[in-house]
Amino acid sequence: MRRLAIFVEGYTELLFIDRLICEIAEKKHVAIQHRQIRGGGAKSGVPKKVIELQTPVLTSSLSLYFLIVDCGGDDQVRQRIQEEHENLTTKGYERVIGLRDVYPNFTHAQIPTLKRGLRYGIKTSLTPVQFILSVMELEAWFLAEYSHFQHVDATLTVNTIRSQLGFDPENDDMTSRLSPAKDLIDAYNLVGSAYKKGDPKATLDKLDYAHIYAVLPSRIPELKELIDAIDAFIEPSMPAL
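Keep in mind that this is a model prediction, so the values were computed, not measured.

J.: Residues and numbers for the packing of aromatic side chains, please.
T.: Considering all chains together, one arrives at six aromatic pairs under this definition. An angle of 90° between the planes, with centres 6.2 Å apart, marks the rings of F149 and Y188 as edge-to-face. Of this pair, F149 sits in helix α5 (residues 149-152) while Y188 sits in helix α7 (residues 180-189), and the two are 39 residues apart along the sequence. An aromatic cluster of three or more residues is present, and its members are F16, W141, F142 and Y209. Positioned above the aromatic ring of F233 is the side chain of R2, whose terminal nitrogen or guanidinium carbon lies 4.6 Å from the ring centre. Taking the ring centre of Y65 as reference, the NZ or CZ of R3 above it sits at 4.4 Å.

Quick look at the structure:
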């Protein structure tokens, strides 16, 4: 069984990656494990705790195994990868992906610095590690999937968002928005609805994952990088999008 591990900031990202994998893999025989890691390290003062949120039952029909790890914060993604890297290598994982936001700790101008810092301390002798940034936040990808707004409320159109909030999720670059999560909250508020960053299931249920997979990579390079990496794992001979 071939294995890929993806480390993310939090539970929203974990659920999003799960659904994206299911869209990409489609009819493939896929097992997906959800894990949460909290605590650990001298500064935290809290013992490290590993919680298995979802553990698939392995059968002979399964050929691809995904481990998605909720790290409990952007600044924890690299640390968790470092902690688990050797063990994942021993278990035969082909690649490790780290996905994290840029906002609020870094600006657009600081992205090169952030990228360099993420590579620090990662052992190149172990399983390859690839860091991908969701610029500025994962919610930028939700904004760009503009068709979902009318599933929130039929009156929440792109024109409404454009006229009331001053940006166009269909045509503008949503990765240039300073705080995409706030933009999402503001858009939902226009129709008396709410986006809850800590409870994102309602939004995740409304997203068009086929559109995210087939269309948005041409607008969002970081999303393309993520999808290409997953595609290459599922179908190693598959050409890039």
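J.: Report on the nonpolar core, specifying residues and quantitative values.
T.: What tends to happen in soluble globular proteins is that the nonpolar side chains get buried as a cluster. Counting 48 residues, the largest nonpolar core has F16, I17, F66, W141 and I230 as its most contacted members. Among the elements that take part in this core, helix α1 (residues 11-25) stands out by supplying eight residues, more than any other. Ignoring anything within four residues of it in the chain, the contact list for I17 reads I6, V8, I68, L99 and L226. With 24 residues, the next largest nonpolar core counts I37, Y65, L67 and V102 among its residues.

J.: Mind laying out the sheet that holds strand β4 (residues 64-70), listing which residues take part and the relevant values?
T.: Remark on secondary structure: sheet strands pair via backbone hydrogen bonds, oriented parallel or antiparallel. Spatially, β3-β2-β4-β1-β5-β6 is the arrangement adopted by the six strands of the open sheet, whose pairing is mixed. In this open sheet, the two edge strands, each paired with only one partner strand, are β3 (49-54) and β6 (129-134). The average undirected angle you get between the axes of adjacent strands in this sheet is 20°. Relative to β3, strand β2 (residues 30-38) is paired through five bridges, and the arrangement is antiparallel. Residue pairing in the sheet places I37 in a bridge with V50 of β3. Contacts between helix α2 (residues 77-90) and the sheet are confined to β1 (2-8), β2, β4, β5 (93-101) and β6, with β5 contributing the most and set at about 175° to the helix. Of the strands in this sheet, β1, β4, β5 and β6 touch helix α10 (residues 221-234), which is tilted by about 145° from β6.

J.: Please give an account of the environment of D172 that cites residues and values.
T.: By secondary structure assignment, the location of D172 is in the loop between α6 (158-165) and α7. Given the relative accessible area of 32%, D172 is considered partly exposed. Taking the C-alpha atoms as reference points, D172 and R219, 47 residues apart in sequence, are found 9.4 Å from one another. Aside from chain neighbours lying at most four places away, what touches D172 is F167 and R219.

J.: Requested: an account of the pairing of β4, with residues and values cited.
T.: β4 sits mainly inside the fold: seven of its seven residues count as buried. Across seven bridges, β1 lies against β4 in parallel orientation. Bridged to A5 within β4 is L67. As paired elements, β2 and β4 share seven bridges and run parallel to each other. Among the inter-strand pairings, A31 is bridged to a residue of β4, identified as Y65.

Cut-offs used in this document
- Residues numbered from 1 in each chain as written.
- Predicted model: local features only at pLDDT ≥ 70, side-chain atom pairs only at ≥ 80, totals over all residues.
- Heavy atoms only, no water.
- Phe/Tyr/Trp six-rings, centres within 6.5 Å; stacked < 30°, edge-to-face > 60°.
- Helix = DSSP H or I, 4+ residues; strand = E, 2+ residues; numbered from the N terminus.
- Lys NZ or Arg CZ within 6 Å of the ring centre and 35° of its normal.
- Core = buried A, V, L, I, M, F, W, Y, C linked by side-chain atoms within 4.5 Å.
- Buried < 20%, exposed > 50% of the residue type's maximum accessible area, 1.4 Å probe, protein only.
- Contact = heavy atoms within 4.5 Å.
- Pairing = 2+ DSSP bridges.
- Axes fitted to C-alpha atoms, helices over the stretch in contact; angles between N-to-C directions.

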